[in-house]
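Each chain, written out:
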Amino acid sequence: MAYDDLRSFLRALDREGDLKRIKAEVDPHLEIGEIVDRVQKAKGPALLFENVKGSSMPLAMNVFGTERRLAKSLGLKGPEDIAEKIAGLLKPELPQGFTGFRDAFGKLASMAHVPPRNVKDAPVQEVVLTGDDVNLDELPALFTWPLDGGSFFNLGLTHTKDPDSGVRNLGLYRLQRHDRRTIGMHWQIHKDSRNHYAVAAKRGERLPVAIAFGCPPAVTYAATAPLPGDIDEYLFAGFVAGERVRMVDCKTVPLQVPADAEVVLEGWLEPGEMLPEGPFGDHTGFYTPQEPFPALTIDCVTMRRRPILQSIVVGRPPTEDGPLGKFTERFFLPLLKIIIPDIVDYDLPEAGGFHNCVIVSIDKKYPKHAQKTMHAIWGAHMMSLTKLIIVVDSDCDVHDYQEVAWRAFGNVDYSRDLTVVEGPVDHLDHASYQQFWGGKAGIDATRKLPEEGYTRDGGWPEMVSSDPAVAALVDRRWKEYGL
């Protein structure tokens, strides 16, 4: 089973020697960021800073910094565990398209252990602060990179709900601390919470917001998953964890938050309340510029008696984003195959920020099958933000980048096999010449068929490979060679 809360997981890591407690005083202004960036790039342990300058609150970092730790936190051996479970839900096959995608998760609702359950008493509400007692300066926010525009909370799970339908959304957005009671909400153009705010603002209504820190690991993971807007992240968290998530009503806003979180911020977002937010050294590895974003006034803070704040450091990969992105890649392969049944396997390279590049393999059956797959990917939910798609044959291991590069470098006539289109790109994309949309490319690195215009004598050549009988002989005699 997954861990019920952050602190029980940290205790388990401590017992295993996979948690380093740092007792020396450390400065959240640049120093912690430098420490964490070095440790996570070395695939080092989780970190617990017990003496953060300016705060009495310990800070947990690099908690999900390796795939082993993330799997352990979710009670899994690896991401394949859930991928297989999801695949089992899809049999018999569901209708293709987004209807099938939603129906697959609809099956989860019938599982008694999946839907969240409400409780009245919650550890996260052991301490309640309101009004002038609210002071965000006491929470350890990070000033990570030299040109950042301020201090940020990077792992606050933001709760909103659709003003029309009442459907809640759980999202993970960076949060700039403007002052002791004000938080900047970095809601990108494609995000559901931004849409909720837009609807409320159009009506002249304020939007209730709750931000939870140090949540149960399955909840934190669910907040990072690119789910369609009408799929409840807490349903998915329960599915991943194998048990229902405990929820409690907030004290001052009509929302619910995880009862076993460490800290919760509650407030109302007034229409038109905007402040400059950023710059910020983001997961792209570049600074994103300063832009106006909604500014949330915090009216209430609830917490455990001795809370632990959790955060992450993002920047040039590899970072803690890596294991989270790879788990999403594996979890969602069975669901992506519902939308695009042509796909055999896919890989989202961390160096591409998990959305700039997709490597996909297909069992090619007809001319221009690769191009059909490219356009299907560009039409599939948040996969629409993909800037580069490389399509290879099914006998290519999409996770072996050297193998993929060999196919892409050698199997392509760029006057025929390169598809260039325009479409939406990520809000944070700095390379597009204008914000929100830009050029994209698809590379057909599959074997070419005569019907596609490849009419050279003999057709597409065979790849070099060993004689199977001789390879088996050498296997048997390998020790004799003394190699």
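Overview of the structure. (Residues numbered from 1 in each chain as written. Predicted model: local features only at pLDDT ≥ 70, side-chain atom pairs only at ≥ 80, totals over all residues. Heavy atoms only, no water.)

### Considerations on the overall build of the protein chain
Basically, it comes down to this: Note on conventions: DSSP H or I runs of at least 4 residues are helices, E runs of at least 2 residues are strands, and numbering of each starts at the N terminus. The classification of residues rests on relative accessible area computed with a 1.4 Å probe and restricted to protein chains. Under 20% of the type maximum is buried, over 50% is exposed, and intermediate values are partly exposed. Here the open area of atoms and residues is found with the Shrake-Rupley method and a 1.4 Å probe, where only the protein chains shown may cover a residue.
Looking only at helices and strands, one finds 13 helices and 24 strands in the protein chain. Dimensions along the principal axes, computed over C-alpha positions, put the protein chain at roughly 80 × 60 × 50 Å. Across the 483 residues that make up the protein chain, the buried fraction comes to 54%. By element, 52% of the accessible surface of the protein chain is carried by carbon and sulfur atoms, the whole surface being about 21,300 Å².

### Here's the deal with the state of the cysteines
Covalently bonding the sulfur atom of one cysteine to the sulfur atom of another cysteine gives a disulfide. Short version of the rule: Disulfides are defined in this document as cysteine sulfur pairs within 2.5 Å.
Using the criterion set out here, one finds 0 disulfides in the structure. This cysteine, Cys215, is not joined by any disulfide, and Cys250 carries the nearest cysteine sulfur, 11 Å off. By relative accessible area, which is 1% here, Cys215 ends up buried.

### Digging into the sheet that holds strand 12 (residues 246-249)
Convention followed: For two strands to pair, DSSP has to find at least two bridges joining them.
Across the sheet, which stays open at both edges, the 3 strands sit in the order 4-12-13 with mixed pairing between neighbours. Edge positions in the open sheet fall to strand 4 (117-118) and strand 13 (256-258), since each of these has one partner strand only.

### Structural notes on the pairing of strand 18 (residues 291-303)
Across the 13 residues that make up strand 18, a large majority, 10, are buried. In the sheet, strand 5 (residues 127-130) pairs with strand 18 via 4 bridges, with the strands oriented antiparallel. When the bridges of strand 18 are listed, Val127 appears paired with Met303. Across 3 bridges, the pairing between strand 10 (residues 182-185) and strand 18 is antiparallel. Across the sheet, the residue bridging to Gly184 is Ala295, located in strand 18. Relative to strand 18, strand 14 (residues 263-269) runs antiparallel, the two sharing 6 bridges. From the neighbouring strand, Glu266 faces strand 18, where its bridge partner is Cys300.

### Describing helix 9 (residues 321-331)
Within helix 9, 11 of the 11 residues are buried, which leaves it mostly tucked inside the rest of the structure. Taken residue by residue, helix 9 has Asp321, Gly322, Pro323, Leu324, Gly325, Lys326, Phe327, Thr328, Glu329, Arg330 and Phe331 as its buried positions.

### Describing unusual backbone geometry
Residue Gly278 is joined to Pro279 through a cis peptide bond whose omega torsion reads -5 degrees. The topology assignment puts Pro279 in the loop between strand 15 (274-277) and strand 16 (280-281). With an omega dihedral of 5 degrees, the bond running from Pro317 to Pro318 counts as a cis peptide bond. Note that Pro318 resides in the loop between strand 19 (309-310) and helix 9. The phi torsion at Lys43 lies on the positive side, around 55 degrees, for a residue other than glycine. Looking at where Lys43 falls in the secondary structure, it is placed in the loop between helix 2 (31-41) and strand 2 (46-49).

### Considering the pattern of salt bridges
Counted only if it meets this: The term salt bridge refers to a pairing of a side-chain nitrogen on Lys or Arg with a carboxyl oxygen on Asp or Glu at a separation within 4 Å.
Using the criterion set out here, one finds 38 salt bridges in the structure. Between Lys372 and Asp342 there is a salt bridge, with its nearest N and O atoms 2.9 Å apart. Residue Lys372 is found in helix 11 (residues 369-378), and its partner Asp342 is found in the loop between helix 10 (333-339) and strand 20 (343-347); the two are separated by 30 residues along the sequence. Residue Lys372 is classed as partly exposed on the basis of its relative accessible area, which comes to 40%.

### Structural notes on a nonpolar patch on the surface
To keep it simple, the criterion reads: Candidates for patches are residues over 30% relative accessible area with no salt bridge; among them, like charges are joined within 9 Å and nonpolar side chains (Val, Leu, Ile, Met, Phe, Trp, Tyr) within 5 Å.
There is a patch of nonpolar side chains on the surface, built from Tyr414, Leu418 and Val420 and spanning about 290 Å² of accessible area. Residue position: Leu418 is located in strand 23 (residues 418-424). On the basis of relative accessible area, Leu418 is assigned to the partly exposed category, the value being 36%.

### With respect to the side chain of Thr373
So the rule is basically this: Should any heavy atoms of two residues lie within 4.5 Å, those residues are counted as being in contact.
Take Thr373: it is sitting in helix 11. Not counting residues up to four positions away in its chain, the partners in contact with Thr373 are Ile340, Asp342, Ile343, Val360 and Ile362.

### Let's talk about the side chain of Ser311
For Ser311, the position within the fold is in the loop between strand 19 and helix 9. The class of Ser311 is buried, set by a relative accessible area of 3%. Residues within four places of Ser311 in sequence aside, it is in contact with Leu59, Ala60, Met61, Asn62, Leu142, Asn154, Leu155 and Glu320.

### Brief notes about the environment of Trp378
The line we're drawing: We define a polar contact as two N or O atoms separated by no more than 3.5 Å, with the added condition that, inside protein, one atom must be a possible hydrogen donor and the other a possible acceptor, whereas residues neighbouring each other in sequence contribute only through side-chain atom pairs.
Take Trp378: it is sitting in helix 11. Measuring from C-alpha to C-alpha, the distance between Trp378 and Asp467 comes to 40 Å, with 89 residues separating the pair along the chain. In this structure Trp378 touches Met383, Ser384, Thr386, Ile389, Thr419, Val421, Lys440, Ala441 and Gly442, once residues within four positions along its chain are discounted. Polar side-chain contacts of Trp378 include one of 3.0 Å to the backbone oxygen of Thr386.

Note that all results are geometric; they support no functional claim without further evidence.
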